[in-house]
Amino acid sequence: MAQLKITLVRSAAHRLPKQRKIVKELGLGRVNSSVVKPDDAATRGQIFLIAHLIDVEVIK
């Protein structure tokens, strides 16, 4: 299964509470922080909701 490297490139401050919660649940604390998550439906759904704040790379 592929992995996704998710990097926060824009701040979650002044965003909707739901979007701030998703950023925190993914483990992203500060701008330019990164996490590696499995490529599954739940992660893809979270990425869809905050796509304007993050950068995603596929890692094999």
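Above: the structure in question.
Quantities reported herein were computed from a predicted structural model and do not represent experimental measurements.

Chemist: What exactly am I supposed to notice about the nonpolar core here?
Modeler: The tendency in soluble globular proteins is for nonpolar side chains to be buried side by side. Ranked by size, the top nonpolar core spans 13 residues in total, and within it Ile6, Val23, Leu28, Ile50 and Ile54 carry the most contacts. Broken down by secondary-structure element, the contributors of at least two residues to this core are β1 (3–8) and α1 (17–25). For this core, the element with the highest residue contribution is β1, accounting for three residues. Those residues within four positions of Ile54 in sequence are excluded, and the remaining contacts are Ile6, Thr7, Leu8, Val9, Leu28 and Ile47.

Chemist: Please clarify how the side chain of Ser33 should be interpreted in this entry.
Modeler: Tracing the backbone through its elements, the reader meets Ser33 in the loop between α1 and β2 (34–38). At 2.6 Å, the side chain of Ser33 forms a polar contact with the backbone oxygen of Arg30. Aside from chain neighbours lying at most four places away, what touches Ser33 is Ile6, Thr7, Leu8 and Leu28.

Quick notes on the rules
Residues numbered from 1 in each chain as written. Predicted model: local features only at pLDDT ≥ 70, side-chain atom pairs only at ≥ 80, totals over all residues. Heavy atoms only, no water. Core = buried A, V, L, I, M, F, W, Y, C linked by side-chain atoms within 4.5 Å. Buried < 20%, exposed > 50% of the residue type's maximum accessible area, 1.4 Å probe, protein only. Helix = DSSP H or I, 4+ residues; strand = E, 2+ residues; numbered from the N terminus. Contact = heavy atoms within 4.5 Å. Polar contact = N/O pair within 3.5 Å; in protein donor to acceptor, adjacent residues only side chain to side chain.

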